[in-house]
There are 2 protein chains.
Amino acid sequence: MRVIDTVGEMQQQANLWRREGRVIGFVPTMGYLHEGHLALMRCAKEKSDRVVVSVFVNPTQFGPGEDFERYPRDLDRDLGLMASLGVDVVFAPSVENMYPQGFQTYVEVLEVTRPLCGAKRPGHFRGVTTVVAKLFHIVKPHVAVFGEKDYQQLLTIRRMVQDLAMDVEIVGHPIVREPDGLAMSSRNVYLSPDERKQARLLSQALAEASRLVEAGERDGSALVSAARKILAQGPSIRIDYAELRDAETLEKMGALDRPGVLALAAYVGQARLIDNAVLQP
Amino acid sequence: MRVIDTVGEMQQQANLWRREGRVIGFVPTMGYLHEGHLALMRCAKEKSDRVVVSVFVNPTQFGPGEDFERYPRDLDRDLGLMASLGVDVVFAPSVENMYPQGFQTYVEVLEVTRPLCGAKRPGHFRGVTTVVAKLFHIVKPHVAVFGEKDYQQLLTIRRMVQDLAMDVEIVGHPIVREPDGLAMSSRNVYLSPDERKQARLLSQALAEASRLVEAGERDGSALVSAARKILAQGPSIRIDYAELRDAETLEKMGALDRPGVLALAAYVGQARLIDNAVLQP
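Predicted model, so just to flag it, every value in this text is computed and none were measured.

> Which residues make up the overall build of chain A, and what values go with them?
Regarding its fold elements, chain A presents nine helices and 10 strands. Computed over C-alpha atoms, the radius of gyration of chain A comes to 19 Å, within 12% of the 19 Å expected from 2.2 N^0.38 for 281 residues, which places it in the range of a compact globule. Structurally, chain A occupies a C-alpha span of about 55 × 40 × 40 Å along its principal axes. Relative to its full complement of 281 residues, chain A shows a buried share of 58%. Put simply, 72% of the contacts in chain A that link residues at least 6 apart link residues at least 24 apart. For chain A, the separation between the mean place of its 34 positive charges and that of its 36 negative charges on side chains is 1 Å.

See the structure below:
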């Protein structure tokens, strides 16, 4: 496994592979890997000949007062995990390498980034699309794998790729969960033991909504209320948003008359966690 | 010469060439070709094995009330010129193909697009960078050639390519002029015979400033005033801007103590023309 930390070297490696006819699979991460990331890598491996994983805590997707500084990092541990998985190249650039003096170019997706995390974290998705576009130009993947936990991010990336005709296949991978249902996240490390117990209420809220849909409920407010009621059982939980939205456009939907996504964001203590479930009418 | 009008076919052709190890040269145009465009194509031909020219009047770089509708178009004539020059592929997509329903992604360069045409034509450069980024993803060039007449555009594209690590070499080509000095432009067709005569005052204004610099003048206001005085000789000329700016960053400069660009934009009758000269201290 090769570790590359400059843009030029990574592009050279990608160009070489492409000339050889290799299919490049890519998983962009912010490191501090968990089983969810590893699942994305296995998926990328199945769909390609060479797998590149980037490890880069991207400052432009964090707002002021967010957790950029304290975001957990452990590159040595990450490298061990990736080596044992058979990752070919880890691209781990410095912030200075990705955003040199004078940097002033951004990629922005409009409508689909407006609600949910886009409303709560201004500038977040602009940071995500900018860094992902740049990483695509550097790694030159044929296929890139993203987790469905970051559902709005996945839709946003799909939209960017389609709108700008990036020749990359975007694959979404189902959410990987802990045995008790908590969606895997690097930010779960922020949870105290008591908060960790409460955190499973997010997936339980989604499960309750899914159960209601199966029982015939189609009213959006009823589904959201049921989810909120479950979350309210956690004394350390503060809901950031809980909404039912069109699964493709993220537009508001009053009734589940087409595929919808029930999207949750909640602070559990200091940790802001997100989770979602796609609901079929 | 092959004419391609869909994104998918163009990418397929580009992928094929790249697998064969061909170097792809690219000249993006809005058509209605003149000798300036042809010079860019000859330049691209020298630097590559296969030349692609796009012909696309890009609606997103025109503001409300600008000349998108009446912008001159003559694809048949353009095709004849390109065929005789040995262009390999003309990419001429429809507006619907480039901006399908739901399009919502933009590439934006900040500081360098703020003054000059960026101030006078809000949204113009966002349209330029978005379409050029998309064209780069479609045509997959190794090298792309842009004219220096659109000086701010060239700087903006260079900045975008560097910031987003697009693996494309950007080549600037000197301004191609009519025998009397008027910079070649598709918009020159808007000029009446009388306006056409006055239009040469733009290049004369730049020449006068250059002459002053050679004579030792370094004061920015003096250089700009001299240029304005020449332009004032044209009764149909209305200056949009006339400014001396840093040739790299486009920041204001009071004195020519480093390379500067004297940038002019003026309406000559209905036609908005631009021209510039890089001045060395």
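> Please give an account of the interface of chain B and chain A that cites residues and values.
Across the boundary between the two partners, chain B contributes 29 residues, which contact 29 residues of chain A. Of the roughly 2,600 Å² buried between chain B and chain A on both sides combined, carbon and sulfur atoms contribute 48%. On inspection of chain B and its partner chain A, the count reaches two salt bridges. Among the secondary structure elements, those contributing two or more residues to the side of chain B that touches chain A are helix H1 (7-19), strand S5 (105-109), helix H6 (124-139) and helix H7 (151-163) of chain B.

> Quick one: what's the story with the UniProt feature "binding site: (R)-pantoate" (unreviewed entry) in chain A, residue by residue and with numbers?
Residues and elements named next belong to chain A. Look at the UniProt record and you will see "binding site: (R)-pantoate" (unreviewed entry) annotated at Gln61 and Gln153. The annotated residues occupy 93 residues of the chain but converge on a single region, no pair of C-alpha atoms lying more than 11.3 Å apart. Within the secondary structure, glutamine 61 is located in the loop between strand S3 (50-55) and helix H3 (75-85). According to the relative accessible area criterion, glutamine 61 is buried, its value standing at 10%.

> Outline the side chain of serine 203 of chain A, supporting the account with residue identities and numerical values.
Residue and element names in this part refer to chain A. Residue placement: serine 203 occurs in helix H8 (residues 193-214). Relative accessible area serves as the criterion here: at 10%, serine 203 is assigned to the buried category. Contact partners of serine 203, with chain neighbours within four places excluded, come to Arg177, Asp180, Gly181, Leu182 and Asp275.

> Now, about the sheet that holds strand S10 (residues 271-279) of chain B: what can you tell me, with residues and values included?
Residue and element names in this part refer to chain B. Strand order in the open sheet formed by three strands is S8-S9-S10, and the pairing between neighbours is antiparallel. The open sheet terminates on both sides in strands that have one partner only, identified here as strand S8 (237-246) and S10. Averaged over all adjacent pairs, the angle separating strand axes in this sheet is 15°, with direction ignored. Inspection of the sheet shows strand S9 (residues 260-268) paired to S10 by nine bridges, in the antiparallel sense. Across the sheet, the residue bridging to leucine 262 is alanine 277, located in S10.

About the criteria used
Residues numbered from 1 in each chain as written. Chains lettered and ligands numbered in written order. Predicted model: local features only at pLDDT ≥ 70, side-chain atom pairs only at ≥ 80, totals over all residues. Heavy atoms only, no water. Helix = DSSP H or I, 4+ residues; strand = E, 2+ residues; numbered from the N terminus. Rg over C-alpha atoms; globule rule 2.2 N^0.38 Å. Buried < 20%, exposed > 50% of the residue type's maximum accessible area, 1.4 Å probe, protein only. Contact = heavy atoms within 4.5 Å. Lys, Arg positive; Asp, Glu negative; His and termini not counted. Charge placed at Lys NZ, Arg CZ, Asp CG, Glu CD. Buried area = accessible area lost by both parts, 1.4 Å probe. Salt bridge = Lys/Arg side-chain N within 4 Å of Asp/Glu carboxyl O. UniProt positions renumbered as here; feature names shortened; annotations may be inferred. Pairing = 2+ DSSP bridges. Axes fitted to C-alpha atoms, helices over the stretch in contact; angles between N-to-C directions.

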